[in-house]
Amino acid sequence: MAATAAITAATVLTVTTQPASALPPCAYPYVCFYRLTDYEAIKTGQLRDLTGGWQWLSISRGSTWGWNTRRDDVLRVLYSDGLISCFPANRQFVFSGIVVAVRIDASPVC
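As the structure is a prediction and not an experimental result, all values here were calculated from the model. (Residues numbered from 1 in each chain as written. Predicted model: local features only at pLDDT ≥ 70, side-chain atom pairs only at ≥ 80, totals over all residues. Heavy atoms only, no water.)

**Observations concerning unusual backbone geometry**
Note the cut-off: Each helix is a run of H or I in the DSSP string that is no shorter than four residues. Each strand is a run of E no shorter than two, and both are numbered from the N terminus.
For the bond running from tyrosine 28 to proline 29, omega is 5°, close enough to zero to count as cis. Inspection of the secondary structure assignment puts proline 29 in the segment before β1 (31–36). Even without being glycine, asparagine 90 reaches a positive phi, approximately 55°. Take asparagine 90: it is sitting in the loop between β6 (84–87) and β7 (91–94).

Below is the structure:
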C-alpha cells in the first residue's frame, strides 16, 4: 500500500506527576482522554466501541494523556503528522503528538 502511515513504537509511560486517585475516573471498558494542566487532569472524553476504522476526535483532539482500561484490546492512535502509535490494554500513557483519531482493536498485543 503506497500510502502506508509510519508506525512508531509506543513508549508506555505512567503519569507520575499525579496519583491515580487524583485523576477523573475511567471505568472498564472505556478508553479515556485527558488534558493535563499544572493543577489537574481534565477528562475530555471516552470511547468503548471496537471499529474497523478510525474514530475521529473532536473535543478530545489534542489530548495529552490517555488511559486504556480494556483488558484485551489495544488502542491505536493517529497523530496529526500521520504517525500511528499503539498502546496495550490496561495502561495509562502520554501521547507524543497531537491526537486526531483513535481505533480500539480486538487484539491483546500491538
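Moving on from the coordinates now.
**Thoughts on the side chain of aspartate 105**
To keep things clear, this is the line we draw: Polar contact criterion, stated in full: a pair of N or O atoms within 3.5 Å, where within protein one must be able to donate a hydrogen and the other to accept it, and residues adjacent in sequence count only if both atoms are side-chain atoms.
Looking at the element boundaries, aspartate 105 is found in strand β8 (residues 99–105). A polar atom in the side chain of aspartate 105 sits 2.5 Å from the side chain of arginine 76.

**Focus on the environment of proline 25**
For clarity, the threshold we go by: Think of it in three bands: residues with accessible area under 20% of the maximum for their type are buried, residues over 50% are exposed, and the middle band is partly exposed, with areas taken using a 1.4 Å probe on protein chains only. Any two residues whose heavy atoms approach within 4.5 Å at even a single point are treated as in contact.
Its place among the elements puts proline 25 in the segment before β1. Using a relative accessible area of 65% as the deciding quantity, one classes proline 25 as exposed. Expressed as a C-alpha distance, the spacing of proline 25 and lysine 43, which sit 18 residues apart in the sequence, is 8.5 Å. Among residues more than four places away in sequence, those in contact with proline 25 are Cys32, Tyr34 and Lys43.

**Remarks on the sheet that holds β6**
Rules: One bridge is not enough; two strands pair if DSSP finds at least two bridges between them.
The four strands lie next to each other as β3-β8-β5-β6, forming an open sheet whose pairing is antiparallel. Both edges of this open sheet fall to β3 (55–56) and β6, since each of them pairs with a single strand only. Two elements, β3 and β8, share two bridges in a ladder whose sense is antiparallel. What sits directly across from glutamine 55, in β8, is valine 102.

**Things to note about the nonpolar core**
It is characteristic of soluble globular proteins that their nonpolar side chains tend to be buried jointly. Rules: The criterion is simple. A nonpolar core is a set of buried Ala, Val, Leu, Ile, Met, Phe, Trp, Tyr and Cys residues joined through side-chain atoms within 4.5 Å.
Among the nonpolar cores identified, the biggest contains twelve residues, and these are Val31, Phe33, Leu57, Leu75, Val77, Tyr79, Phe87, Phe93, Phe95, Val99, Val102 and Ile104. Elements that contribute at least two residues to this core include exactly β1, β5 (74–79) and β8. Once residues within four sequence positions are removed from consideration, valine 99 is found in contact with Leu57, Arg61, Gly62, Ser63, Val77, Leu78 and Tyr79. Formed by seven residues, the second largest nonpolar core is a distinct cluster that contains Cys26, Tyr30, Tyr34 and Trp67.

**Examining the confidence of the model for the protein**
Our working definition: The quantity known as pLDDT measures the predictor's confidence residue by residue, on a range of 0 to 100.
For the protein, the average pLDDT comes to 83, and 79% of its residues sit at 70 or higher. A low-confidence stretch, residues 1–21 stays under pLDDT 50, and its non-local contacts, those more than four residues away or across chains, total 31 contacts.

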